[in-house]
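The lines below spell out each chain.
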Amino acid sequence: MRVKKNFTPYTTGQKRCKKCDVYYSIPDSYCPCCGYQLRTKARNKTTTLHDEIRRKKEID
Ligand SMILES: [Zn+2]
């Protein structure tokens, strides 16, 4: 199944709950359903250096 490359839920500012597999367009960083931390696309202008460092630590 083909999906348009230019569109992902992340580009619309939505956040995804991995547990519920649902996208939210809310200002909160946590899922209102289960409380799991929502994931957003990292590479944008709102990403700070601090976030980049923290992200690398998570990978390690
Ligand atoms: Zn959830």
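Because the structure is predicted, anything quoted here is derived from the model rather than measured. (Residues numbered from 1 in each chain as written. Predicted model: local features only at pLDDT ≥ 70, side-chain atom pairs only at ≥ 80, totals over all residues.)

Enquirer: How should the overall build of the protein chain be read in this particular structure?
Expert: Within the protein chain, the secondary structure is distributed over 1 helix and 2 strands. The order of helices and strands in the protein chain, counted from the N terminus, is β-β-α. The buried share of the protein chain, reckoned over its 60 residues, is 3%. (Helix = DSSP H or I, 4+ residues; strand = E, 2+ residues; numbered from the N terminus. Buried ≥ 20, exposed ≤ 12 C-beta atoms within 10 Å, placed from the backbone.)

Enquirer: Which parts of the structure should I look at to understand unusual backbone geometry?
Expert: Across residues other than glycine, the phi torsion is negative in most instances, and most of the peptide bonds are trans. Despite not being glycine, Asp21 shows a phi value in the positive range, around 60°. By the element assignment, Asp21 lies in the loop between strand E1 (15–17) and strand E2 (22–24). Given 7 C-beta atoms within 10 Å, Asp21 falls into the exposed group.

Enquirer: Looking at this structure, how should I read the environment of Cys31?
Expert: By secondary structure assignment, the location of Cys31 is in the loop between E2 and helix H1 (49–59). Each C-alpha atom of the pair Cys31 and Lys18 lies 9.4 Å from the other, and the pair is 13 residues apart in sequence. Those residues in contact with Cys31 that lie beyond four places of it in its chain are Cys17, Lys19, Cys20, Tyr36 and Leu38. (Contact = placed C-beta atoms within 7 Å.)

Enquirer: Whenever I open this one, the confidence of the model for the protein chain confuses me. Can you help?
Expert: If pLDDT is low for a region, its predicted coordinates should not be looked at in detail. This prediction gives the protein chain a mean pLDDT of 76; 62% of its residues lie at or above 70. Within the protein chain, the lowest mean pLDDT, 73, falls on H1, and the highest, 91, falls on E1. (pLDDT = per-residue confidence, 0-100.)

Enquirer: Would you take a moment to explain the environment of Cys34 for this structure?
Expert: Inspection of the secondary structure puts Cys34 in the loop between E2 and H1. Given 11 C-beta atoms within a 10 Å radius, Cys34 is considered exposed. Taking the C-alpha atoms as reference points, Cys34 and Cys17, separated by 17 residues in sequence, lie 8.7 Å from one another. Leave out the neighbours within four places in its chain, and Cys34 touches Cys17, Lys19 and Cys20.

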